[in-house]
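# Descriptive analysis of the structure
Chain by chain, the residues run as shown.
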Amino acid sequence: MRILCVDDDEDTRYLLESLLSFSDFEAIAVQDTATALLLIRQEQFKLYIIDSQLPGMSGLGLCEQIRAIDKGTPIVIFSGKAHQSDISAGMIAGANAYIVKPNTREIVPTVKRLLRATHAANA
């Protein structure tokens, strides 16, 4: 199960890769939206985890771009922005879940829940 993680912070990328690999997921972590979009067009992922604040295009803009390319793969926004308006904006942009940093305890359970729901919907 390949998961693409997009975050400009090196420590966060490492954290996401580690958390996901401990749960038997293959995490590919990149630091910018251009690289993410290139990979999305070349490869298939089971889930995306993206930060809402990225250089260049925002994470919400990336979320919208992903939805234009891939309507069904779950997207989780993992962001330091915690206001309800930020969460709502993420969901409007096409995210399936929104986790506020630094709450890492929700990442793996959210990923598993979304993957189960996607599998059930496609079965």
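In what follows, the structure referred to is the one given above.
Below is a short write-up of the structure. (Residues numbered from 1 in each chain as written. Predicted model: local features only at pLDDT ≥ 70, side-chain atom pairs only at ≥ 80, totals over all residues. Heavy atoms only, no water.)

## Thoughts on the overall build of the protein
The number of helices and strands found in the protein is five helices and five strands. In sequence order, the secondary structure elements of the protein are arranged as β-α-β-α-β-α-β-α-β-α. For a compact globule of 123 residues, the expected C-alpha radius of gyration is about 14 Å, and the protein comes in at 13 Å, within 12% of that figure. Overall, the C-alpha framework of the protein stretches about 35 × 30 × 30 Å when taken along its three principal axes. Of all 123 residues assigned to the protein, the portion counted as buried reaches 44%. Nonlocal contacts in the protein, meaning residues at least 24 apart in sequence, comprise 60% of its contacts between residues at least 6 apart. Counting only carbon and sulfur atoms, one obtains 51% of the accessible surface of the protein, whose full area is about 6600 Å². (Helix = DSSP H or I, 4+ residues; strand = E, 2+ residues; numbered from the N terminus. Rg over C-alpha atoms; globule rule 2.2 N^0.38 Å. Buried < 20%, exposed > 50% of the residue type's maximum accessible area, 1.4 Å probe, protein only. Contact = heavy atoms within 4.5 Å. Areas by Shrake-Rupley, 256 points an atom, 1.4 Å probe, with all protein chains shown as cover.)

## Some words on the nonpolar core
Membership of the largest hydrophobic core comes to 19 residues, with the highest contact counts inside it found for Leu-4, Val-6, Tyr-48, Ile-50, Leu-62 and Ile-75. Taken together, the elements giving at least two residues each to this core come down to β1 (2–6), α2 (33–42), β3 (47–50), α3 (59–69) and β4 (75–79). With four residues, α2 is the largest single contributor of residues to this core. Leave out the neighbours within four places in its chain, and Leu-4 touches Ile-28, Val-30, Ala-36, Leu-39, Ile-40, Phe-45, Leu-47, Tyr-48 and Ile-49. Residues Ile-3, Val-76, Ile-107 and Val-111 belong to the second largest nonpolar core, which totals 16 residues. (Core = buried A, V, L, I, M, F, W, Y, C linked by side-chain atoms within 4.5 Å.)

## Re the state of the cysteines
In the structure shown here, the tally under the stated rule is zero disulfides. As a non-bridged cysteine, Cys-5 has Cys-63 as the owner of its nearest cysteine sulfur, 14 Å distant. With a relative accessible area of 0%, Cys-5 lands in the buried category. (Disulfide = S-S within 2.5 Å.)

## Considerations on the sheet that holds strand β5 (residues 97–100)
Overall, parallel pairing links the five strands, which are arranged β2-β1-β3-β4-β5 in an open sheet. Looking at the sheet topology across the chains shown, the edges are occupied by β2 (26–30) and β5. For this sheet the average axis-to-axis angle between neighbouring strands, irrespective of direction, equals 20°. Of the pairings in the sheet, the one linking β1 to β3 comprises four bridges and is parallel in character. Bridge pairing in β3 places Cys-5 opposite Ile-49. Relative to the sheet, helix α1 (residues 10–22) contacts β1, β2, β3 and β4, its axis offset from that of β2 by approximately 170°. Along the sheet, helix α4 (residues 84–93) contacts β4 and β5; its crossing angle with β5, the most-contacted strand, is approximately 145°. (Pairing = 2+ DSSP bridges. Axes fitted to C-alpha atoms, helices over the stretch in contact; angles between N-to-C directions.)

## Notes on the packing of α1 against helix α5 (residues 107–122)
Two measures define how a pair of helices packs: the angle their axes make with one another and the distance between the axes. Between α1 and α5, whose axes approach to 10 Å, the crossing angle comes to 60°. In terms of axis orientation, α1 runs oblique to α5. In the crossing of α1 with α5, the sense of the turn from one axis to the other is right-handed. Residues Leu-16, Leu-19 and Leu-20 of α1 lie in contact with α5, whose contacting residues are Ile-107, Val-108 and Val-111. (Parallel < 35°, antiparallel > 145°, perpendicular 65-115°, else oblique. Left-handed = near helix turned anticlockwise from the far one by under 90°.)

## Let's talk about a negative patch on the surface
A grouping of Asp-8, Asp-9, Glu-10 and Asp-11 is seen on the molecular surface, where their side chains present a negatively charged patch. Following the sequence through the fold, Asp-11 ends up in helix α1. (Patch = residues over 30% accessible without salt bridge, like charges linked within 9 Å, V, L, I, M, F, W, Y side chains within 5 Å. Salt bridge = Lys/Arg side-chain N within 4 Å of Asp/Glu carboxyl O. Lys, Arg positive; Asp, Glu negative; His and termini not counted. Charge placed at Lys NZ, Arg CZ, Asp CG, Glu CD.)

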